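Reading the structure
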Amino acid sequence: MNRVLRAGVFVFVLAAPPALTSAQARSLCDGDFERTAGGWVATPRCQEYEAAKVAREMHQHLTDITSSPRDVTPDEFCRGNNDIRVSTFCAAYKD
């Protein structure tokens, strides 16, 4: 009986969900806002993530260094882009 109990505990330990890795523990973004202990806060990281998501929808790749025809710099991406989802990100690149 003791062997069965040990085997059951061993299987349970192997089947238990692992601890959060750093990738799973990353913060949650919703648009320009990041979930913090105090609520939702606008962060540059989430703004950049949202801009990259919008760029992908437009079949572009947002990057600082262009190396392919799909690559666009933030300045090129924001010029003439009136999408409200990236208005905060693009504010620094517009006149």
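Residues numbered from 1 in each chain as written. Predicted model: local features only at pLDDT ≥ 70, side-chain atom pairs only at ≥ 80, totals over all residues. Heavy atoms only, no water.

Scanning the entire structure with this criterion turns up 5 salt bridges. The partner of Lys53 in a salt bridge is Glu50, and the shortest N-O contact between them spans 3.4 Å. One end of the pair, Lys53, and the other, Glu50, are both in helix α2 (residues 44–57), 3 residues apart, so they sit about a helical turn from each other. Since its relative accessible area comes to 7%, Glu50 is described here as buried. With a shortest N-O distance of 3.0 Å, Arg85 and Glu57 are connected by a salt bridge. Of the two residues, Arg85 is situated in the loop between α3 (74–78) and α4 (87–90) and Glu57 in helix α2; the sequence distance between them amounts to 28 residues. According to the relative accessible area criterion, Arg85 is partly exposed, its value standing at 34%. When salt bridges with common partners are traced through the structure, they connect Glu57, Asp83 and Arg85 into a single cluster. (Salt bridge = Lys/Arg side-chain N within 4 Å of Asp/Glu carboxyl O. Helix = DSSP H or I, 4+ residues; strand = E, 2+ residues; numbered from the N terminus. Buried < 20%, exposed > 50% of the residue type's maximum accessible area, 1.4 Å probe, protein only.)

According to the stated counting rule, one finds 1 aromatic pair in the structure shown. Taking 5.8 Å as the distance between ring centres and 45° as the angle between the ring planes, the aromatic pair formed by Phe89 and Tyr93 counts as tilted. (Phe/Tyr/Trp six-rings, centres within 6.5 Å; stacked < 30°, edge-to-face > 60°.)

Turning to the sheet that holds strand β1 (residues 29–30), a few remarks are in order. The sheet built from 3 strands is open, its strands ordered β1-β2-β3 with antiparallel pairing. The open sheet has two free edges, formed respectively by β1 and β3 (39–42), since each of these has just one partner strand. (Pairing = 2+ DSSP bridges.)

As for its placement among the helices and strands, Cys46 is situated in helix α2. With 13 residues separating them along the chain, Cys46 and Phe33 place their C-alpha atoms 6.1 Å apart. Not counting residues up to four positions away in its chain, the partners in contact with Cys46 are Cys29, Gly31, Asp32, Phe33 and Glu34. (Contact = heavy atoms within 4.5 Å.)

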